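# Understanding the architecture of this molecule
The primary structure of each chain is shown beneath.
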Amino acid sequence: MFAIIARSRPASLAGLTIERRVHVDTPYGRPSAPLIYGAIAGKSVVVLLRHGDDHEIAPHRVNYRANIQALYDAGVEGIVAIATVGGMRDHLGPGTLLIPDQVIDYTSGRAHTFYDTDDGTAHHVDFTWPFSENIRRRLLTSARNAGIRIEDGGCYGCANGPRLESAAEIRRMQRDGCDVVGMTGMPEIALAREKGIPYGAINIVVNFAAGLGDSAQAVAHDQLLEYGRTAMVTVARLLATFIENKEKA
Ligand code: HPA
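Below: a short report on this structure. (Residues numbered from 1 in each chain as written. Predicted model: local features only at pLDDT ≥ 70, side-chain atom pairs only at ≥ 80, totals over all residues. Heavy atoms only, no water.)

## A look at unusual backbone geometry
Cis geometry is adopted by the peptide bond preceding Pro162, which originates at Gly161 and carries an omega value of 0°. Among the structural elements, Pro162 can be located in the loop between β9 (155–158) and α3 (167–176). For the bond running from Met186 to Pro187, omega is 10°, close enough to zero to count as cis. One can find Pro187 in helix α4 (residues 185–194). (Helix = DSSP H or I, 4+ residues; strand = E, 2+ residues; numbered from the N terminus.)

As structure tokens, this is what we get:
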């Protein structure tokens, strides 16, 4: 069974039939929301709303460890995470979908590891390629089969938020090699790796990052929400194709 970490309920999960909602607890506290067990395209999935049932939890306040622990305890075979991002390249404007293959972590102060005790051993998980290449390929194939345009690869820079970035911070991230910027990928991706759960992401570009394109003077918050809603309909189609064909991929 695959897990989907979604931003919020409505459009991204258009094809989801809900069977039951289960409140769970973990040694790290409660996850953002009850686990939603259901089916997409007739196949079982479990869905976790990263920002809570009513989108009430800000990116820097998400209990990432509880979320990943809860999905681990549920025995998921992999995670597909949905996240909105700002684009940092000319060709990555609002509405673009991207399957990232790299990450740079700019967050601070987040509980970012399960190995946080002095138990006498250091645990250094490999993170050379943060995303599961298998899931990435399957997402790309699903997009192709569903006739959905999608960018293959890109470096996701994770800012701490909740504020948006300054223009200079975005210029620095560009120089570092980032292509998109978001606020929720880390430590989520690394925690999944620590638990050995294959993780892939669908990034939805909802704005040009600060200082770029029509965000030259400011990033329009209304625009972020609007593009998010429209693209989610396409993402729902992509997810349905991915889940439906997961055995065949
Ligand atoms: N910056 C950080 N996170 C984001 C952005 C952005 O411009 N757009 C959507 N999530």
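## Some points on the packing of aromatic side chains
In this structure the tally under the stated criterion is three aromatic pairs. Between the aromatic rings of Phe2 and Phe242, the centroid separation amounts to 5.2 Å while the plane-to-plane angle is 90°, which identifies the pairing as edge-to-face. Of this pair, Phe2 sits in strand β1 (residues 2–6) while Phe242 sits in helix α5 (residues 221–244), and the two are 240 residues apart along the sequence. Measuring from ring centre to ring centre gives 6.1 Å for Phe131 and Tyr199, while their planes differ by 45°; the resulting arrangement is tilted. Placement of Phe131 in the loop between β7 (102–105) and α2 (133–145) and of Tyr199 in strand β11 (residues 199–208) is noted, with a sequence separation of 68 residues between them. The exposure class of Phe131 is buried, given its relative accessible area of 4%. The class for Tyr199 is buried, based on a relative accessible area of 3%. When the ring centre of Tyr72 is taken as origin, the NZ or CZ atom of Lys195, which lies over that ring, is 4.8 Å away. Above the ring of Phe114, the side-chain terminus of Lys195 is found at 4.4 Å from the ring centroid. (Phe/Tyr/Trp six-rings, centres within 6.5 Å; stacked < 30°, edge-to-face > 60°. Buried < 20%, exposed > 50% of the residue type's maximum accessible area, 1.4 Å probe, protein only. Lys NZ or Arg CZ within 6 Å of the ring centre and 35° of its normal.)

## Some words on the side chain of Asn203
Inspection of the secondary structure puts Asn203 in strand β11. The class of Asn203 is buried, set by a relative accessible area of 1%. Residues in contact with Asn203, not counting those within four places in the same chain, are Ala83, Val85, Thr96, Leu97, Leu98, Pro100, Tyr156 and Val180. (Contact = heavy atoms within 4.5 Å.)

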